[in-house]
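Architecture and fold: a report
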Amino acid sequence: FLINGKPETEEQQFKAGDKVRLHIVNAGASSYFWLGYGGGKITVVGNDGNEVMPVEVDRLIIAPAETYDIVVTIPENMSYEFRATSEDRTGASSLWLGTGMKMPAPKLPRLKYFDGMKMMNDMMNVDGTMKDMGMNMSLQKMDMNMVMYPEITGGTGDTAASGNNNPEKQNGNMNGMDHSMHNMAMPVGGDIVTLNYDMLRSPIKTSLPEGRTRTLHFNLTGNMNRYVWTLDNKTVTETDRIMIERGENLRLILTNNSMMRHPMHLHGHDFRVLNSQGEYSPLKNVIDIMPMETDTIEFAANQDGNWFFHCHILFHMMAGMGRVFTYANSPVNPDLPNAEEAYQKFRKHKDQNMKHLMARIGLESNGSDGEAMLSSNRYALVTEWRLGSKPHHGYESETMLGRYIGVNQWLFPYVGFDYHHNEVMNESEKNLFGQYSNQNNRKTFTVGVQYMTPGLFIADARIDGKGKFRFELSREDIPLTPRLRLGLMWNTDKEYMAGFRYVLNKWLMASTHYDSDMGFGAGLTITY
Ligand SMILES: [Cu+2]
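First things first, this report covers the structure right here in the doc. (Residues numbered from 1 in each chain as written. Predicted model: local features only at pLDDT ≥ 70, side-chain atom pairs only at ≥ 80, totals over all residues. Heavy atoms only, no water.)

1. With respect to the sheet that holds strand β21 (residues 322-327)
So the rule is basically this: Following DSSP output, two strands are said to pair if at least two bridges run between them. For helices the rule is a DSSP run of H or I covering at least 4 residues; for strands it is a run of E covering at least 2, with both sets numbered from the N terminus onward. Comment: axis = line fitted to C-alpha atoms, over the contacting stretch for helices; angle = value between 0 and 180 degrees taken between N-to-C directions.
Spatially, the 5 strands line up as an open sheet ordered β13-β21-β20-β15-β18, and their pairing is mixed. If you trace the sheet from one side to the other, it starts and ends with β13 (242-244) and β18 (286-289), each paired once. Averaged over neighbouring strand pairs, the angle between their axes works out to 20° when direction is ignored.

2. So, the coordination of the copper ion
Threshold: Sites may look incomplete because water is not among the atoms; the donors themselves are N, O and S atoms within 2.8 Å of the metal, or within 3.2 Å for Na, K and Ca. Only protein chains enter the calculation, and the probe is 1.4 Å; a residue is then buried if its accessible area is under 20% of its type maximum, exposed if over 50%, and partly exposed in between.
Coordination sphere of the copper ion, protein contribution only: His262 (ND1), Cys311 (SG) and His316 (ND1), at 1.9 to 2.1 Å. Within one chain, the residues donating to the copper ion are spaced in sequence as H-x48-C-x4-H. In this structure Cys311 comes out as buried when scored by relative accessible area, which is 0%.

3. Considerations on unusual backbone geometry
Positive phi is not limited to glycine here, since Arg89 has a value of about 65°. The residue Arg89 is located in the loop between β8 (79-86) and β9 (92-97) in this model. The exposure class of Arg89 is buried, given its relative accessible area of 14%.

4. Regarding the sheet that holds strand β14 (residues 249-256)
What the 6 strands build is an open sheet, ordered β12-β11-β14-β19-β16-β17; its pairing is mixed. Looking along the sheet, the strands with just one partner apiece sit at the ends: β12 (228-231) and β17 (283-284). Two strands pair when backbone bridges link them, and strand β16 (residues 271-273) and β17 are joined in this way by 2 bridges, in the antiparallel orientation. Bridging across to β17, Arg272 finds its partner in Leu283.

5. Considerations on the pattern of salt bridges
Condition: Definition used for salt bridges: Asp or Glu carboxyl oxygen within 4 Å of a side-chain nitrogen of Lys or Arg.
The tally for this structure, following the rule as stated, stands at 27 salt bridges. Note that Glu340 and Arg241 form a salt bridge whose closest N and O atoms lie 2.5 Å from each other. You can see Glu340 sitting in helix α5 (residues 339-348) and its partner Arg241 sitting in the loop between β12 and β13, a full 99 residues away along the chain. For Arg241, a relative accessible area of 15% gives the class buried. Among the ionic pairs, Glu476 bridges to Arg501, the shortest N-O distance being 2.6 Å. You can see Glu476 sitting in strand β31 (residues 469-479) and its partner Arg501 sitting in strand β33 (residues 496-503), a full 25 residues away along the chain.

6. What about the packing of aromatic side chains?
Selection rule: In this analysis, rings of Phe, Tyr and Trp, with Trp reduced to its six-membered ring, are considered paired at centre separations within 6.5 Å, and the interplanar angle assigns stacked below 30 degrees, edge-to-face beyond 60, and tilted for intermediate values. Look at NZ for Lys and CZ for Arg. If either is within 6 Å of the ring centre and within 35 degrees of the ring normal, a charge sits over the ring.
Per the counting criterion, the structure on display carries 12 aromatic pairs. When the centroid spacing of 4.5 Å and the interplanar angle of 35° are considered together, the rings of Tyr404 and Phe412 count as tilted. For Tyr404, a relative accessible area of 12% translates into the label buried. Judged by its relative accessible area of 2%, Phe412 is buried. Among the aromatic residues, ring-to-ring pairing joins Phe218, Phe299, Phe309 and Phe325 into one connected group. In this structure, Lys102 is placed above the aromatic ring of Trp96, and the distance from its NZ or CZ to the ring centre is 4.4 Å.

Have a look at this one:
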């Protein structure tokens, strides 16, 4: 992690009593940073290039593409640390202001990742929607911070909290919380002031000019397993441009239905973030929306042409999380004389629907088994194989082409082809339904559907060209310890598998498994 290209920098020219204004741009592709200072309060004076009324805080989080202007003071002739710590606390970068004894910024405790995740899970219904916890779910305010970062909202005394009477202090906000939250072992608030968007106030009135106001709703949606990110469950290429007109006002209501934060950025305009400051609501061009929050922004349509509105986490943007606003009756752009055709080209461009290849290749003493998968936002081509090292084990492959359905993409109907071959004649066995299961030479088409169950097991029901039905339940990656994985499979052809993999590094796992066709084996598994 770097500030201006260096892990650690120093500006020695400052003396006691100096005030230093820092202009901070989060240039990370997907990293959030907590900002802290070793010489007392941080005064926030600007945000996304717009002035705000000075507000004193102890720390703030900055999302990708956000900017903050802050003022810090040099209390004594010493060297004070301004530190940007990555959200996951794995690293930090420092800027030292002044000379002399080093005064470090307050350290953030280790992220209680699983505590935060568990609290979030407790707030979700099984279908991924949000339980009504009676919490204040907007503008980065306390309630959601407490869920995501229980370790730093607990006021453990690890941080340099000086007494203050700021009405925004966190234990003040706690009083308004719904009783149901207390059953979730929430930490007690401290005196540390964390910036939120409700504290930002413009020095000038920002009310929009008189005009027609149009309201658009967007749900921020996505799938963490398949890494598809969308608005209203559609990628930018699955939608048309959103036509707007010069002179109208646009109000966007943004609800984050995912478990991740999304810094939504609008090109070419500053928007008002509607908060309790009324006519003095602040102007921004990036709004970071925490999981399950709803925020409202509005802007005056006063430009021409096309403007991208997108999540500024680079990988989310590339996965399709965006829309294009287009001004109707814009003058023709000489570089894009046919705007409609240009947009259709953009939609079809290969970068807009990147396919990715994944593979897991097991090389064990009893042969090779594995799978390879080429997938896009909605479709996947999967092939699985088992190649026995002994003749009587034979070899088989199952190939499927399918489409993921629904917001959560738990349903995967597919068509496929099975090929089984065995040199040695085995006795034909009956499956659980009394149908004959030919393990020797099988070439047949299949039609089926996979469903991801709670607990991440894949239930697979299929019928093949010979009329044989098969139901299978499997999961490959049950984490037993941070590095040890258990894999299980069972189906109605009376086939089963159980195995362990130990993660050695990103590419390699030591693996062993027992398979009803191939017996016991041990070796290595390569992941790509
Ligand atoms: Cu995002």
